[in-house]
Amino acid sequence: MAMFFAQRVILGKTAYADVPAVLKPQVKELLEDSGLGELVTE
C-alpha cells in the first residue's frame, strides 16, 4: 500500500497530506529514496 500511495503522490493524484497516517512514514521513505523528498509536505 505504501508504494501505491507513493506512486499516487508522484503522479499528483494524491497529496502527501492525504496519505493515511499509518502509511506516511513508509511513503516518506519511498519518496526520499526516489529523490522526490520535496513532495513530502503536510
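For the structure itself, look to the data block above.
Just so it is clear, the structure is predicted and the values come from calculations on it, not from any experiment.

Trainee: Explain the pattern of salt bridges to me, and be specific about the residues and the numbers.
Mentor: Enumeration over the complete set of coordinates arrives at one salt bridge. Taking the shortest distance from any N to any O, the salt bridge between E42 and K24 comes out at 3.0 Å. With a gap of 18 residues between them, E42 in the segment after α2 (24–33) and K24 in helix α2 connect regions that are remote in the sequence. Residue class for E42 comes out exposed when judged on its relative accessible area of 72%.

Trainee: How would you explain α2 if you had to name every residue and give the values?
Mentor: Listed in full, the buried residues belonging to α2 are K24, V27 and L31. Along the axis of α2, the buried residues cluster in a sector spanning 65 degrees; they form a single face. In α2, the exposed positions that point more than 90 degrees away from the buried face belong to P25 and D33. Those residues of α2 that are buried are in contact with α1 (2–11). Remark: G35 follows α2 within two positions and exhibits a positive phi of approximately 80 degrees.

Here is what the cut-offs are and how they apply
Residues numbered from 1 in each chain as written. Predicted model: local features only at pLDDT ≥ 70, side-chain atom pairs only at ≥ 80, totals over all residues. Heavy atoms only, no water. Salt bridge = Lys/Arg side-chain N within 4 Å of Asp/Glu carboxyl O. Helix = DSSP H or I, 4+ residues; strand = E, 2+ residues; numbered from the N terminus. Buried < 20%, exposed > 50% of the residue type's maximum accessible area, 1.4 Å probe, protein only. Arc of directions from axis to C-beta. Contact = heavy atoms within 4.5 Å.

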